[in-house]
Amino acid sequence: MIKKPIIAGDTFPIVYKHMPNGELRDLPDGFDYMIGLRQEGSKKPMVFSYRNGDIENPDKGVYRWECKHDLSMSLSGNIIAEMVIYSRDGSFVKHCSEPLLLEVQQSFMNDQLDIE
């Protein structure tokens, strides 16, 4: 599992590059890309989807989800992030080969921010 330390309140992206046969390509029609975040030991994830507009496609074959400040502030402990690509008819499902472990540290500075 890939480990990434973060500080609660940080904004950070999770980027996936879709590269079948080593070439960047957009997902075919009828496919979706999802990211799930869950507290270690919990069974209920927060789910973000390309189809639902949570994940952007800024460049060919590149999919980017941005964890915003408010969500990041609500995270604590160890958070597991998993990604999956699937066809909406269920004929294809591909899970990430290695989940991401976000090691969240709390910060007293979040209370000092003047964010509107």
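Reading the values: rules and limits
Residues numbered from 1 in each chain as written. Predicted model: local features only at pLDDT ≥ 70, side-chain atom pairs only at ≥ 80, totals over all residues. Heavy atoms only, no water. Helix = DSSP H or I, 4+ residues; strand = E, 2+ residues; numbered from the N terminus. Buried < 20%, exposed > 50% of the residue type's maximum accessible area, 1.4 Å probe, protein only. Areas by Shrake-Rupley, 256 points an atom, 1.4 Å probe, with all protein chains shown as cover. Lys, Arg positive; Asp, Glu negative; His and termini not counted. Charge placed at Lys NZ, Arg CZ, Asp CG, Glu CD. Pairing = 2+ DSSP bridges. Axes fitted to C-alpha atoms, helices over the stretch in contact; angles between N-to-C directions. Salt bridge = Lys/Arg side-chain N within 4 Å of Asp/Glu carboxyl O. 1 Å grid on protein atoms, 1.4 Å probe; cavity = no way out; pocket = protein on both sides within 12 Å on 5 of 7 lines; lining within 4 Å. Points joined across faces, edges and corners; volume = space filled by probe spheres on them. Nonpolar A, V, L, I, M, F, W, Y, C, P; charged D, E, K, R; others polar.

Asks: Just to check I follow, could you spell out the overall build of the protein for this structure?
Replies: A tally of helices and strands in the protein yields one helix and nine strands. In the protein, the succession of α and β elements from N to C terminus is β-β-β-β-β-β-α-β-β-β. Considered along the principal axes of its C-alpha atoms, the protein spans approximately 45 × 30 × 25 Å. Looking at the 116 residues of the protein, the share that counts as buried comes to 32%. Accessible surface for the protein amounts to roughly 7,600 Å². Of this, 49% is attributable to carbon and sulfur atoms. Once the 13 positive and 18 negative side-chain charges of the protein are each reduced to a mean point, those two points are 7 Å apart.

Asks: Honestly, the sheet that holds strand β2 (residues 12–17) in this entry has me stumped. Any pointers?
Replies: The strands that make up a sheet pair up through hydrogen bonds in the backbone, lying either parallel or antiparallel. An order of β2-β6-β5 is seen for the three strands of this open sheet, with the pairing classed as antiparallel. In this open sheet, the two strands that pair with only one neighbour each are β2 and β5 (56–59). For this sheet the average axis-to-axis angle between neighbouring strands, irrespective of direction, equals 35 degrees. Where β2 lies against strand β6 (residues 62–67), six bridges are found, and the strand directions are antiparallel. Residue pairing across strands places Lys-17 opposite Val-62, the latter belonging to β6.

Asks: Explain the pattern of salt bridges here, please?
Replies: Oppositely charged side chains can pair when the atoms bearing their charge come close. According to the stated counting rule, one finds two salt bridges in the structure shown. Between Glu-23 and Arg-25 there is a salt bridge, and its shortest N-O distance comes to 3.6 Å. The class for Glu-23 is partly exposed, based on a relative accessible area of 39%. A salt bridge links Glu-66 to Arg-64, with the nearest nitrogen and oxygen atoms 2.7 Å apart. Among the residues examined, Arg-64 registers a relative accessible area of 29% and is labelled partly exposed.

Asks: Looking at this structure, how should I read the layout of surface pockets?
Replies: If a probe the size of a water molecule is rolled over the atoms, the empty space left behind becomes visible. Quantified by volume, the largest pocket comes out at close to 320 Å³. The set of elements that each furnish at least two residues to the lining of the largest pocket consists of β2, β7 (77–87) and β8 (93–95). Classifying every residue of the lining of the largest pocket gives eleven nonpolar, three polar and two charged. For the second largest pocket, the full set of lining residues is Met-34, Ile-35, Gly-36, Leu-37, Arg-38, Pro-45, Val-47, Ile-80, Glu-82, Met-83, Val-84 and His-95. The set of elements that each furnish at least two residues to the lining of the second largest pocket consists of β3 (31–39) and β7. If one sorts the elements of the lining of the second largest pocket by residue count, β3 sits on top with five residues. Here the residues of the lining of the second largest pocket sort into eight nonpolar, two polar and two charged.

Interpretation in functional terms is not warranted from these geometric data alone.
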